[in-house]
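# Architecture and fold: a report
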Amino acid sequence: MALVLASGSKIRSELLRNAGVDAEVDPAGVDERAVEAPLIEAGFLPEDLALVLAEAKADDVSGRRPGDLVIGADQVLAYEGKRFTKPEDMEAARRQLLAFSGRTHTLLSAVVLSRDGAAIWRHVSAAHLTMRELTPGFVGRYLADVGETALSSVGAYQLEGPGVQLFERIEGDYFTILGLPLLPLFAELRRLGVLDT
Ligand SMILES: Nc1nc2c(ncn2[C@H]2C[C@H](O)[C@@H](COP(=O)(O)OP(=O)(O)OP(=O)(O)O)O2)c(=O)[nH]1
């Protein structure tokens, strides 16, 4: 039985590797926008959207890898009742950061374990991040500094990098913010006998 990460996210595979957890990377082939469209229509909450998408990815990969244990994850940003995905381009990233300036947004990170195409464990956690008042000049210099990496994160920042300079307060788990709530995931992997106790 292999442990598999159904994600193309660099940070997610990095977090597992740095934690000494061997997981084979096998990104899911799920059209996230198609999966979520009817759910958004139906008024699903952001945390439920994240869970559904994480489960869709885990089920997609575990369905074609009999017997393997597959980790699916998804992160959604919620702000004033709206859901944000990764910014399309640098201009969208600039607008998004200025809109969040001085306000608090929430990151919801869901993680699901699936085997043989069915979920066996689900978890979602939230973190609340308060940005300090940002000037257009600062945002411009920040984006020039980080470049296109701003587009690989749902909030247009990487907390472990210069993104931390955007914030005045953070409530919640660091790994939830990076996109993979390691502590509850590892507790379940220990319970399943996959990780050493
Ligand atoms: N390095 C870094 N990445 C972050 C941070 N906050 C969010 N992210 C990343 C984690 C995920 O890769 C991405 C959230 O988007 P998704 O959950 O849709 O995952 P993504 O499309 O990247 O990969 P996947 O759908 O799992 O194949 O944002 C951060 O502070 N640092």
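Preceding block: the structure.
Keep in mind the model is a prediction, meaning the values are calculated, not measured.

## Regarding the pattern of salt bridges
Opposite charge on two side chains permits them to pair, given that their charged atoms come into close proximity. For the structure on display, the rule yields 16 salt bridges. The residue Arg33 makes a salt bridge to Glu32 at a minimum N-O spacing of 4.0 Å. Given the relative accessible area of 23%, Glu32 is considered partly exposed. Its salt-bridge partner being Arg169, residue Glu171 comes within 3.2 Å of it at the nearest N-O pair. Arg169 gets classed as partly exposed once you look at its relative accessible area, which sits at 41%. Connected through shared salt-bridge partners, Glu32, Arg33, Glu36, Lys57, Asp74 and Arg83 make up one network.

## Focus: the layout of surface pockets
Considering only enclosed or pocket space, the largest pocket measures out at about 810 Å³ in volume. As for the largest pocket, its lining consists of 34 residues, of which Ser9, Arg12, Lys86, Ser152 and Ser153 are closest to the centre. Class assignment for the residues of the lining of the largest pocket results in 14 nonpolar, 10 polar and 10 charged.

What counts as what
- Residues numbered from 1 in each chain as written.
- Predicted model: local features only at pLDDT ≥ 70, side-chain atom pairs only at ≥ 80, totals over all residues.
- Heavy atoms only, no water.
- Salt bridge = Lys/Arg side-chain N within 4 Å of Asp/Glu carboxyl O.
- Buried < 20%, exposed > 50% of the residue type's maximum accessible area, 1.4 Å probe, protein only.
- 1 Å grid on protein atoms, 1.4 Å probe; cavity = no way out; pocket = protein on both sides within 12 Å on 5 of 7 lines; lining within 4 Å.
- Points joined across faces, edges and corners; volume = space filled by probe spheres on them.
- Nonpolar A, V, L, I, M, F, W, Y, C, P; charged D, E, K, R; others polar.

Just geometry here; none of it tells us what the structure is for.
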